[in-house]
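Now for the letters of each chain:
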Amino acid sequence: MTRGKRDAARVEIRIEDDASPLVRLIGRTLRDAHRAGYAVGELSRTSGVVAVKSHNTPQSATIAFGPQGIDVSTGVLAEPDAVVTVDLNGRFAPAAEAVGDTDLAAGVLHALTPPIPPWREGAQRFWDRTRTLPGMPETLVVVTEGESGLEQLVLGEGTSQYLIASDPESLAGIFSGADDLFAVLNAGALGLQGTMSQLSVMAGASWKVRYDV
């Protein structure tokens, strides 16, 4: 199989119309990697097809590298060169041995783990992108315990507020879209203070960031 490369600065990452959540998640993650200048060699390849499967749900997607860029589509639509099975709530951590071209599989898994911004930077980006959504609180209070003790960041201004508390890594994951808010909540690693309606709005805001919608 030919393994050509293109100019990494010109990689176009496309997802299909009416894309599934998994396709959106993969597309957003690859774009984050590209913007960060991460996994340059992997993203600039011009051939190869990789199927990505969830380890505990029926979800699957195909990543196809070509001369015109990278296309992500729902399901496994062709005989792939490699198959990876991952934990979608574990930042694409492999859940089984890759099948097929293991070098290609390793490259894709690497590209799906771009660096995550620090929690403060991530929180600001999250707020900038979601604060105008209907029902969002006027103030978002973020609390964590870092190396210097208890830390707090207040975003926005107003009487209605929502508080979110967790460790720095979990906060960074939620605000960047790398982690699912409810998965972190169910794991007992997240504290929230607000109304049920605000929780619904915050969940929608987190999905907006996670799935790039």
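Check the entry above for the structure.
Asker: I'd like a rundown of the nonpolar core, residues and numbers included.
Answerer: Ile26, Leu30, Ile63, Ile70 and Phe92 are the most contacted members of the largest nonpolar core, which has 31 residues in total. Secondary structure elements with two or more residues in this core: α1 (21-35), β2 (49-54), β3 (60-66), β4 (69-74), β5 (82-87) and α3 (102-111). The leading source of residues in this core is α1, at six residues. Setting aside residues up to four positions removed in sequence, Phe92 forms contacts with Leu22, Leu25, Ile26, Thr29, Val86, Asp87, Leu109 and Leu112. Judged by nonpolar contacts, the second largest core, of 23 residues, contains Leu140, Val142, Leu155 and Val184.

Asker: Can you break down the packing of aromatic side chains residue by residue, with the values?
Answerer: What the rule picks out here adds up to two aromatic pairs. Judged by centre distance (5.1 Å) and plane angle (55 degrees), the rings of Phe126 and Phe175 are tilted. With Phe126 in helix α4 (residues 119-130) and Phe175 in helix α5 (residues 168-176), the pair connects residues that are 49 residues apart, well separated along the chain. Take Phe126: its relative accessible area is 2%, and that puts it in the buried class. Phe175 sits in the buried class, given a relative accessible area of 3%. Residues Phe182 and Trp207 carry aromatic rings whose centres are separated by 6.1 Å and whose planes lie at 50 degrees to one another, so their mutual orientation is tilted.

Asker: Which residues make up the packing of α1 against helix α7 (residues 196-211), and what are the values?
Answerer: Where α1 meets α7, the closest approach of the two axes is 7 Å, and the angle between their N-to-C directions is 60 degrees. In this structure, α1 uses Pro21, Arg24, Leu25 and Arg28 to contact α7, whose residues at the interface are Val209, Arg210 and Tyr211. Per-class residue counts for the contact of α1 with α7 are four nonpolar, no polar and three charged.

Asker: Give a detailed account of unusual backbone geometry, specifying residues and quantitative values.
Answerer: Backbone geometry places Ala39, a non-glycine residue, at a positive phi of 50 degrees. Within the secondary structure, Ala39 is located in the loop between α1 and α2 (40-43). Given the relative accessible area of 7%, Ala39 is considered buried. You will see that Asp212, though not glycine, has its phi angle at about 55 degrees, which is positive. When you line up the elements, Asp212 lands in the segment after α7. Looking at Asp212, the relative accessible area reads 28%, which means it is partly exposed.

Asker: With reference to specific residues and values, describe the sheet that holds strand β8 (residues 139-146).
Answerer: One open sheet accounts for four strands, arranged β9-β8-β10-β11; its pairing is mixed. Edge positions in the sheet fall to β9 (149-156) and β11 (190-193), since each has one partner strand and no second. Strand-to-strand, the axes of this sheet are offset by a mean angle of 15 degrees, without reference to chain direction. Strand direction decides the pairing type here: strand β10 (residues 161-166) and β11, joined by four bridges, are antiparallel. Paired with Ser166 across the strands is Leu190, a residue of β11.

Asker: Tell me about the side chain of Ser20, and please be specific about residues and values.
Answerer: Counting through the fold element by element, Ser20 comes out in the loop between β1 (13-15) and α1. On the accessibility criterion, Ser20 (18% relative accessible area) is buried. At 3.4 Å, the side chain of Ser20 and the side chain of Thr74 are in polar contact.

Asker: Tell me about α7, and name the residues and values.
Answerer: Between the first and last C-alpha of α7 there are 22 Å, a value that for 16 residues agrees with the 22 Å anticipated at 1.5 Å per step. Of all the positions in α7, only Gln198, Leu199, Val201, Met202, Ala203, Ala205, Ser206, Val209, Arg210 and Tyr211 are classed as buried. After α7 finishes, the residue Asp212 shows a positive phi value of roughly 55 degrees.

Asker: Can you lay out the pairing of β3 for me, pointing to particular residues and giving the numbers?
Answerer: Regular strands place side chains that alternate from one sheet face to the opposite one. Counting buried residues along β3, six of its seven residues qualify, which places the element largely inside the surrounding structure. Here five bridges tie β2 to β3, and the two strands are oriented antiparallel to one another. Residue Val49 lies in a different strand from β3, and its bridge partner there is Ala64. Turn length for the β2-β3 hairpin, with the two strands adjacent in sequence and antiparallel, is five residues. Direction of pairing for β3 relative to β4: antiparallel, over a ladder of six bridges. Looking across to β4, one finds that Thr62 is bridged to Ser73. Where β3 hands over to β4, the hairpin turn is made up of two residues, counted between the paired strands.

Reading the values: the criteria
- Residues numbered from 1 in each chain as written.
- Predicted model: local features only at pLDDT ≥ 70, side-chain atom pairs only at ≥ 80, totals over all residues.
- Heavy atoms only, no water.
- Core = buried A, V, L, I, M, F, W, Y, C linked by side-chain atoms within 4.5 Å.
- Buried < 20%, exposed > 50% of the residue type's maximum accessible area, 1.4 Å probe, protein only.
- Helix = DSSP H or I, 4+ residues; strand = E, 2+ residues; numbered from the N terminus.
- Contact = heavy atoms within 4.5 Å.
- Phe/Tyr/Trp six-rings, centres within 6.5 Å; stacked < 30°, edge-to-face > 60°.
- Axes fitted to C-alpha atoms, helices over the stretch in contact; angles between N-to-C directions.
- Nonpolar A, V, L, I, M, F, W, Y, C, P; charged D, E, K, R; others polar.
- Pairing = 2+ DSSP bridges.
- Polar contact = N/O pair within 3.5 Å; in protein donor to acceptor, adjacent residues only side chain to side chain.
- Expected span 1.5 Å × (residues − 1).

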